[in-house]
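What follows is the residue order along each chain.
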Amino acid sequence: MKAAVLHNYGQELKIEDVELEEPRKGEVRVKMKAAGICHSDLHVIDAHLPLPVPIVLGHEGSGIVDAVGEGVASVKVGDHVALNWVPSCSKCYYCKIGRPDMCDEASKISLMGTMLDGTTRFSVDGKAIHQFPLTGTFSEYTVVPESAAIPIRKDVPFELAALVGCCVITGVGAVVNTAKVKAGSTVAVIGAGGVGFNAIQGAALCGAKQIIAIDIIPEKLEMTRQFGATHTINASEKNVVSAVLDVTDGLGVDYAFEVIGRPETMAQAYNITRKTGMTVIVGLPAPNENVTINAFSLPSQTKTLTGSWLGQGNPSVDYPKLLDLNAAGKLKLEPLVSKIYSLEQINEGFDDLKAGKNIRGVIRF
Ligand code: APR
Ligand code: ZN
């Protein structure tokens, strides 16, 4: 089968023949139908997120269960599934307290590029190829733990189902689960990409009265209005902090979300939040980066600064719910897909992501 392999940071992915091991106990093989091209994959290519190479990237995907290993009970051959890159063990402290997004088992391997047991299912000429932790969706088939294959309704196009696995749950969840945005509040989202658009529509779902989209690409800013943005700010033309103060009667917003992954925009998100407001960091910085914020403001303005991982969600419950919301017309998935690529066109997809051309580019197998 064919897969896209990153051999060295900064290089193009190479489409090549890759061997895939049979699913082991508790694992599932999925015939991929669609895979979203997310900035987290680009972070790996840019060596910003230090996963080992060679590696099959991709973590936002959907497909059909094609084989199951011993003991698999929650899915069967033929089921449609959306993949989950933070499977939970249900045994660790965090799973037990209802925070599967913080599962210790999943965290342990988050920078290893492997399955839960530290091994990988992909190889070329007997040499192991890593995989985006527990997934590896830029491949015609992949093998994942049972808890990473979430059964979903069959009437959803695979391109849309793929998106719930990362950009939708991450963006909507940051707003709904982490911030618990209240109706009538004011919200700013810095970074209108695949994840940011979902934070915007999450804020609209919560009934926010003012939603300020901030980006550097005018076409994308214009489109955010379809998802509920009431104001837009072009960060390459305006000082973001004063522009936000201007449209919030000098107060700042109740909630700000950083959805890029840069320390400067994280500080900006904190600085546009009003006294007692909440800042949520969603974008992924490199592991060694730090953010500078004014220390005195913490006690004197009593703001909350927090983060959100996988939208603080629980995929087995949330994916079906998000797809139901889409079917009910409350969540827009179709307009998030800007362009469809073949696996062979994956490097073009990454170029378009870098150039900020797409909300989401999706590979169709
Ligand atoms: N100010 C405002 N917007 C910016 C700036 C800036 N200084 N720099 C970049 N942007 C915008 C880009 O124009 C783009 O629209 O941020 C957006 C980022 O979107 P995508 O590249 O589509 O990234 P996405 O896949 O949404 O991921 C965003 O969340 O999960 C994490 O790892 C992921 O860190 C990444 C972040
Ligand atoms: Zn992602």
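Counting restarts for each chain, with residues numbered from 1 along the sequence as it is written. Working convention: letters from A go to chains and numbers from 1 go to ligands, in the order in which they are written. Per-residue local features are limited, in this predicted model, to residues with pLDDT of at least 70; the limit for side-chain atom pairs, both in listing and counting, is 80 or more; totals at the level of whole chains, interfaces and linings are taken over all residues. Hydrogens and waters are ignored; side-chain quantities use all the structure's heavy atoms.

- The name given to the chain in an unreviewed UniProt entry is Alcohol dehydrogenase, with the source organism recorded as Pueribacillus theae.
- UniProt positions are given in the numbering used here, feature names are shortened, and annotations may be inferred rather than shown by experiment. Within the UniProt record for the chain, the comment given under Sequence similarities (unreviewed entry) is "Belongs to the zinc-containing alcohol dehydrogenase family."
- The annotation that UniProt attaches to the chain under Cofactor (unreviewed entry) is "Zn(2+)".

### Points about the coordination of the zinc ion (ligand 2)
And then number 1: As a rule, N, O and S atoms within 2.8 Å of a metal are its donors, except that Na, K and Ca use 3.2 Å; water is not among the atoms, so sites may look incomplete. Donor atoms from the polypeptide that coordinate the zinc ion (ligand 2) comprise C38 (SG), H59 (NE2) and C166 (SG), at 2.0 to 2.3 Å from the metal.
And then number 2: Spacing between the donor residues of the zinc ion (ligand 2) along their common chain follows C-x20-H-x106-C. On the criterion of sequence distance, the pair formed by C38 in the loop between β4 (27-37) and α1 (39-45) and C166 in helix α4 (residues 158-179) is long-range, its members being 128 residues apart. Each of the two residues, C38 as well as C166, counts as buried. Helix and strand assignments follow DSSP, with helices taken as H or I runs no shorter than four residues and strands as E runs no shorter than two, numbered in order from the N terminus. Each residue is placed in one exposure class: buried if its accessible area under a 1.4 Å probe, protein chains only, is under 20% of its type's maximum, exposed if it is over 50%, and partly exposed if it falls in between.

### Structural notes on the site of ligand 1
And then number 1: In the vicinity of ligand 1 there are 23 residues, among which H39, S40, H43, D215 and R360 approach most closely.
And then number 2: Side-chain atoms alone can form a polar contact between residues adjacent in sequence; in general such a contact is a pair of N or O atoms within 3.5 Å, and within protein one must be able to donate a hydrogen while the other accepts it. Note that an oxygen atom of ligand 1 is positioned 2.5 Å from one of the side-chain N or O atoms of H39.
And then number 3: Separating an oxygen atom of ligand 1 from a backbone N or O atom of V195 is a distance of 2.9 Å.
And then number 4: Calculation of accessible area relied on Shrake-Rupley with a 1.4 Å probe; when residues are assessed, cover is drawn exclusively from the protein chains displayed. Compared with its free state, where it exposes 730 Å², ligand 1 has 90% of that area covered by protein.
And then number 5: Counting residues per element, the ones that place at least two in the shell around ligand 1 are α1 and α5 (194-205).
And then number 6: Per-element tally for the shell around ligand 1: the top contributor is α1, with 3 residues.
And then number 7: Here the shell around ligand 1 is composed, by residue class, of 11 nonpolar, 8 polar and 4 charged.
And then number 8: Counting the residues that make up the shell around ligand 1, at least three belong to each of domain 1 (2-165 + 332-364) and domain 2 (171-308). It suffices for a single heavy atom of a residue to lie within 4 Å of a molecule or strand for the residue to be listed as near it. Basically, the charged four are Asp, Glu, Lys and Arg, the nonpolar ten are Ala, Val, Leu, Ile, Met, Phe, Trp, Tyr, Cys and Pro, and anything else, Gly included, counts as polar. Domain extents, as shown, originate in an automatic or database domain assignment.

### Section: unusual backbone geometry
And then number 1: Here the bond from V53 into P54 is cis, since omega is -10°, no more than 30 degrees from zero.
And then number 2: Its identity is not glycine, yet K180 carries a phi of approximately 50°, on the positive side.
And then number 3: Of note, K180 is situated in the loop between α4 and β12 (186-190).
And then number 4: For Q312, which is not glycine, the phi torsion reads 50° and is therefore positive.
And then number 5: Note on Q312: relative accessible area 21%, which makes it partly exposed.

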